[in-house]
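# A closer look at the structure
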Amino acid sequence: MPGFRDLLPAEAEVLREAQESLLAEMRRWGYRHVITPLVESMDVLELGLGREQRRRLFKFTDGDGDVVALVGERTVPVARLAAGKLRTAPLPLRLCYAGPVLSTDEGRFQQRRETYQVGAELIGAPGAVADAEVIAMAARCMEAAGIRRYQIDVGHAEFFHGIMDAVKLPDEVKAAVRVALAARDFVALESLLESTPLRSAEHELLLRFPALRGGAEILQAAGGLVRNRRSETALAELAKVRELLVAHGIAQVVSLDLGAIRDFDYYTGVIFEGYGPDLGRPVTQGGRYDGLLARFGRPAPATGFMVQLDLVTEMLARTSGPVTMPRLDAAVAWTGAGLDTALRIGSTLRLLGMRAVVDTEAREPARAKAWWTAVGAANLIHCDSESAVSWMASGQRPKRVSPDEVASHLAGGAGI
Amino acid sequence: MSGERTSIAIPTGVLTSGALELLARSGLIQLSPEELGRQLLVDRSGLRVILVRPTDVPAYVDHGAADLGIVGKDILWETPGAHYELVDLHLGPCRLVLAVPDSSSLDGPETWPPLVRIATKYPRTAAAWFESRGQAVEVVRLHGSVELAPLVGLVDGIVDLTATGRTLRENHLRVTAVLGDSTARLIANQASLKTRTQAVQSVVSKLREVAGVAR
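Residues numbered from 1 in each chain as written. Chains lettered and ligands numbered in written order. Predicted model: local features only at pLDDT ≥ 70, side-chain atom pairs only at ≥ 80, totals over all residues.

### What about the overall build of chain A?
This is how the line gets drawn: For helices the rule is a DSSP run of H or I covering at least 4 residues; for strands it is a run of E covering at least 2, with both sets numbered from the N terminus onward. With the radius of gyration taken over C-alpha atoms, the globule rule is written as 2.2 Å times the number of residues to the power 0.38. Residue burial is a threshold on neighbouring C-beta atoms within 10 Å of the residue's own C-beta, all placed from the backbone, with 20 or more meaning buried, 12 or fewer meaning exposed, and counts in between meaning partly exposed. Contact between two residues is assigned whenever their backbone-derived C-beta positions fall within 7 Å.
A count of helical and extended segments in chain A gives 15 helices and 17 strands. Taken over the C-alpha trace, chain A has a radius of gyration of 28 Å; the compact-globule value for 416 residues is 22 Å, which it surpasses by more than 25%. Along the longest, intermediate and shortest principal axes, the C-alpha atoms of chain A span 95 × 55 × 45 Å. The buried share of chain A, taken over its 416 residues, is 40%. For chain A, contacts bridging at least 24 residues in sequence account for 69% of all contacts bridging at least 6.

Right, dumping it as structure tokens:
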């Protein structure tokens with residue numbers, strides 16, 4: 001089926017490890033892991049998703065004729081949970097999740113319709129301190145996953161809303177401006193704004209949207225151009241968040257991006273995106289969505305983010321070359337009376353945290369070597385009796401050792 | 001986005017020489033269509049220029065294989081993506097039109113039958129245009145010589161790109177509506193604009209400057 005694929009051992013292992021690293025980092029920040037179903041009722045999803053997002057859902061009916069869908073993101077299910085089964089839990093709630101999400105749209109995820117996301121939500125905490133916590137955690141998650149070079153762009157949805165309120169344009173032109181910005185079509189935007197006689201500072205800002213990036217100085221520059229309360233408040237909040245991110249120790253990876261273009265119907269405050277080297281798309285994104293919980297009957301401010309796990313592994317593969325399977329530590333072969341010894345050695349090695357495979361059939365030494373190569377382990381242990389076994393490390397001559405010594409020999413070599 | 005140099009994808013075909021002339025006039029790189037055509041990929045003067053099929057330019061840019069791309073607006077109508085469309089380069093102007101045989105009774109919307117059948121290389125754009133006018137349409141996707149389709153009775157009309165209108169006239173077709181005007185655009189990868197803002201923006205502003213000059 002187009003858009004779906006199998007992950008083979010090497011890929012699956014890297015993906016799983018990245019997922020564990022991300023969840024472990026989130027747990028270090030006090031976030032509790034929740035697992036929500038892959039299937040949600042459309043009644044639930046409709047409360048949280050826009051029209052375009054709903055269109056992309058895989059939908060079907062269950063036995064009672066109710067329409068259900070495979071989740072396309074996991075913030076809405078977590079919001080349902082926070083307002084439902086967790087409604088008596090004191091706020092703020094810190095929750096994290098991991099799992100696949102699906103989209104009928106092949107283009108959206110680069111020909112992939114099933115992708116993996118890991119995310120965290122901070123529910124019930126307003127203000128800059130909560131915003132900064134989530135951004136700093138996203139940055140630390142990048143590091144935990146093994147991404148060395150990355151940057152986080154921080155913006156504010158209200159900055160844009162304020163400009164759209166203040167800009168002097170007929171309603172139908174305003175609507176067209178929103179469409180052009182959503183499509184990132186600055187040529188259309190320019191011609192729309194040129195055709196109106198009224199010029200204001202807000203026109204200038206809209207035209208310069210993709211270039212409104214930089215450090216703290218960009219807040220000053222923008223502050224000199226906007227004259228509306230919403231945008232001014234947004235700039236003040238951004239300044240505060242930036243200060244807090246300095247205290248979090250991640251100032252060097254943070255840029256301010258006043259022209260960030262996102263789903264502005266959903267986000268209500270500080271928004272951010274994380275980029276790594278050599279990848280054309282953001283690997284993490286998030287922001288404040290204070291309106292969502294109220295739709296589930298528990299009004300509460302909230303902020304959060306998600307990491308595209310597929311993009312993390314893609315980035316790791318690019319920076320560290322092709323993914324290689326972690327090697328097995330030992331291939332344990334046997335003949336005749338050696339089977340019990342082989343099983344005992346296998347158990348001991350695994351107890352010490354090593355990876356060991358015990359052969360399923362008896363093999364003479366020569367055939368055992370061929371099997372060893374196929375398995376791809378660092379050591380071959382050949383057991384032919386209860387008292388002594390033959391141990392061979394890659395590129396070395398075989399040695400006779402006692403079965404009890406095998407673990408310590410291997411542990412020495414494996415650096416345990 | 002490989003390495004630190006800024007990369008730009010140039011389309012093969014009618015836009016190649018105009019795009020290279022813009023790059024030369026902006027002082028970015030002197031490169032002849034012949035040299036680029038021979039090598040397909042040229043690294044020089046801190047710039048990487050790659051030559052790809054017009055329909056592939058958005059893919060190179062969206063995936064980050066090129067920071068920037070030059071591509072006709074007609075291609076962007078058919079393949080919307082996650083890129084930024086930054087500058088109208090005013091190159092290769094042409095129009096996307098609805099054309100019918102000279103002998104046809106079809107003209108304005110009031111003359112359209114309940115189901116209009118059209119042939120086109122732009123199925124997405126054509127379908128959206130009719131749909132927004134509440135008109136049912138059957139779109140036949142063709143890959144070349146679209147103007148033949150109405151002459152042999154396959155369809156009522158065609159939606160195709162025309163610069164001078166000559167091909168249409170030669171095939172006894174007349175224009176009844178204009179769906180859109182197209183010129184070459186400069187597009188940019190969203191991450192390139194953010195991760196290497198200065199280098200990419202400097203190329204963008206140089207091209208913006210020369211594109212404004214009347215040709």
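Moving on, there is more to tell.
### Things to note about the sheet that holds strand β9 (residues 157–162) of chain B
All names here are of chain B. Keep this limit in mind: For two strands to be treated as a pair, DSSP must find at least two bridges joining them. In this analysis, axes come from line fits to C-alpha atoms, helices being fitted only over the stretch in contact, and the angle between any two N-to-C directions falls in the range 0 to 180 degrees.
Pairing is mixed across the open sheet formed by five strands, whose spatial order is β8-β7-β9-β6-β10. Pairing within the sheet leaves two strands with one partner each, and these edge strands are β8 (136–141) and β10 (173–182). Pairwise comparison of adjacent strand axes, ignoring direction, gives a mean angle of 30° for this sheet. Sheet topology note: the strand β6 (residues 94–101)/β10 ladder contains eight bridges and is antiparallel. Residue pairing in the sheet places Arg95 in a bridge with Asp181 of β10. Each of β6, β7 (115–120), β8, β9 and β10 is contacted by helix α5 (residues 123–132), which is oriented at about 170° to β8, the strand it contacts most.

### Considering the domain arrangement of chain B
All names here are of chain B. Put simply, the rule is: Domain delimitation follows an automatic or database domain assignment. For this classification, Asp, Glu, Lys and Arg are treated as charged, while Ala, Val, Leu, Ile, Met, Phe, Trp, Tyr, Cys and Pro are nonpolar and the rest, including Gly, are polar.
Domain annotation for chain B reports domain 1 (6–92 + 183–211) and domain 2 (94–181). For domain 1 versus domain 2, the distance between C-alpha centres works out to 30 Å. Counting from both sides, the interface comprises four residues of domain 1 and, opposite them, seven residues of domain 2. Its residues placed into classes, the side of domain 1 that touches domain 2 shows one nonpolar, one polar and two charged.

### Focus: the pairing of strand β16 (residues 389–393) of chain A
All names here are of chain A. Of the strand pairs in this sheet, strand β15 (residues 377–383) and β16 are connected by five bridges, and their pairing is antiparallel. Along β16, the bridge assignment pairs Cys383 with Val389. Here β15 hands over to β16 after five residues, the two strands then running antiparallel side by side. In this structure, β16 lies alongside strand β17 (residues 399–401), joined through three bridges in antiparallel fashion. Residue pairing in the sheet places Trp391 in a bridge with Lys399 of β17. Hairpin connection of β16 to β17: five residues between the antiparallel strands, including Gly395 at a positive phi of 75°.

### Description of the packing of helix α1 (residues 9–28) of chain A against helix α5 (residues 128–144) of chain A
All names here are of chain A. Stated precisely, the cut-off is as follows: By the definition adopted for this analysis, an angle is roughly parallel if under 35 degrees, roughly antiparallel if over 145, roughly perpendicular if from 65 to 115, and oblique otherwise. Helix crossings are classified by the rotation of the near helix relative to the far one: an anticlockwise turn of less than a right angle makes the crossing left-handed, while a clockwise turn makes it right-handed.
At a minimum axis separation of 9 Å, α1 and α5 run at an interaxial angle of 140°. Taken as axis vectors, α1 and α5 run oblique relative to one another. Relative to α5, the crossing made by α1 is right-handed. In contact with Ser21, Leu22, Ala24, Glu25 and Met26 of α1, α5 contributes Met137, Arg140, Cys141 and Ala144.

### Notes on the packing of helix α7 (residues 171–182) of chain A against helix α8 (residues 186–194) of chain A
Residues and elements named next belong to chain A. It is the contact of α7 with α8, at a shortest axis distance of 8 Å, that shows an interaxial angle of 160°. For the element pair α7 / α8, the angle class is roughly antiparallel. Where α7 crosses over α8, the two elements pack in a sense that is left-handed. Only Ala188, Leu189 and Leu192 of α8 make contact with α7, whose side of the interface consists of Val173, Ala176, Val177, Ala180 and Leu181.

### A word on the domain arrangement of chain A
Residue and element names in this part refer to chain A. In terms of domains, chain A is made up of domain 1 (1–150 + 276–326), domain 2 (157–250) and domain 3 (328–414). For domain 1 versus domain 2, the separation of C-alpha centres amounts to 28 Å. Domain 1 puts eight residues into the contact, and the matching count from domain 2 is eight residues. The dominant element in the side of domain 1 that touches domain 2, judged by the number of residues it contributes, is α5, at seven residues. When grouped by side-chain class, the residues that make up the side of domain 1 that touches domain 2 number six nonpolar, one polar and one charged.

### Topic: the nonpolar core
Residues and elements named next belong to chain A. The following threshold applies: What makes a nonpolar core is a set of buried Ala, Val, Leu, Ile, Met, Phe, Trp, Tyr and Cys residues, with links drawn between C-beta atoms within 7 Å.
The biggest cluster of nonpolar side chains holds 127 residues, and the ones touching the most others in it are Ile135 and Val312. A total of ten residues in this core trace back to one element, the largest contributor, which is α5. Apart from the residues lying within four places of it in its own chain, the contact partners of Ile135 are Ile152, Val154, Leu245 and Phe272. By size, the runner-up hydrophobic cluster in this structure holds 21 residues, among which are Ala333, Trp372, Ile381 and Val389.

### Let's talk about the interface of chain A and chain B
Counting from both sides, the interface comprises 17 residues of chain A and, opposite them, 22 residues of chain B. Sorting the residues of the side of chain A that touches chain B by element identifies β7 (151–156) and α8 of chain A as the ones contributing at least two each. Residue composition of the side of chain A that touches chain B, by class: eight nonpolar, two polar and seven charged.

### Focus: unusual backbone geometry
The omega angle of the peptide bond from Leu91(A) to Pro92(A) is -5°, so this bond is cis rather than trans. Structurally, the position occupied by Pro92(A) is in the loop between α4 (75–83) and β5 (93–102). In the Ramachandran plot, His90(B) falls in the positive-phi region, its phi being about 55° despite a non-glycine side chain. Position of His90(B) relative to the elements: it lies in the loop between β5 (84–88) and β6. Unusually for a residue other than glycine, His172(B) sits at a positive phi of about 55°. As for its position among the elements, His172(B) is in the loop between α7 (166–170) and β10. Exposure remark for His172(B): the 14 C-beta atoms within 10 Å place this residue in the partly exposed category.

### Observations concerning the pairing of β9(B)
Residue and element names in this part refer to chain B. Inspection of the sheet shows β6 paired to β9 by five bridges, in the antiparallel sense. The residue bridging Ala99 from the neighbouring strand is Ile158, located in β9. Looking at chain direction, β7 and β9 are connected through three bridges and run parallel. Considered in β9, the bridge of Thr120 is made with Val159.

### Side note on the sheet that holds strand β11 (residues 284–288) of chain A
Residue and element names in this part refer to chain A. Across the sheet, nine strands lie side by side as β1-β5-β6-β12-β11-β10-β7-β9-β8; this open sheet has mixed pairing. Strands at the two margins of the open sheet, each flanked by one partner only, are β1 (32–33) and β8 (213–214). Where β1 lies against β5, two bridges are found, and the strand directions are parallel. Each bridged residue has a counterpart across the sheet, and for Arg32 the counterpart in β5 is Leu95.

### Observations concerning helix α6 (residues 157–166) of chain A
Every buried residue belonging to α6(A) is among Ala157(A), Glu158(A), Phe159(A), Phe160(A), Gly162(A) and Ile163(A), and all of these are buried. Looking at the buried positions of α6(A), the neighbouring elements they touch are β7, α9 (201–207), α11 (229–247), β10 (270–275) and β11 of chain A.

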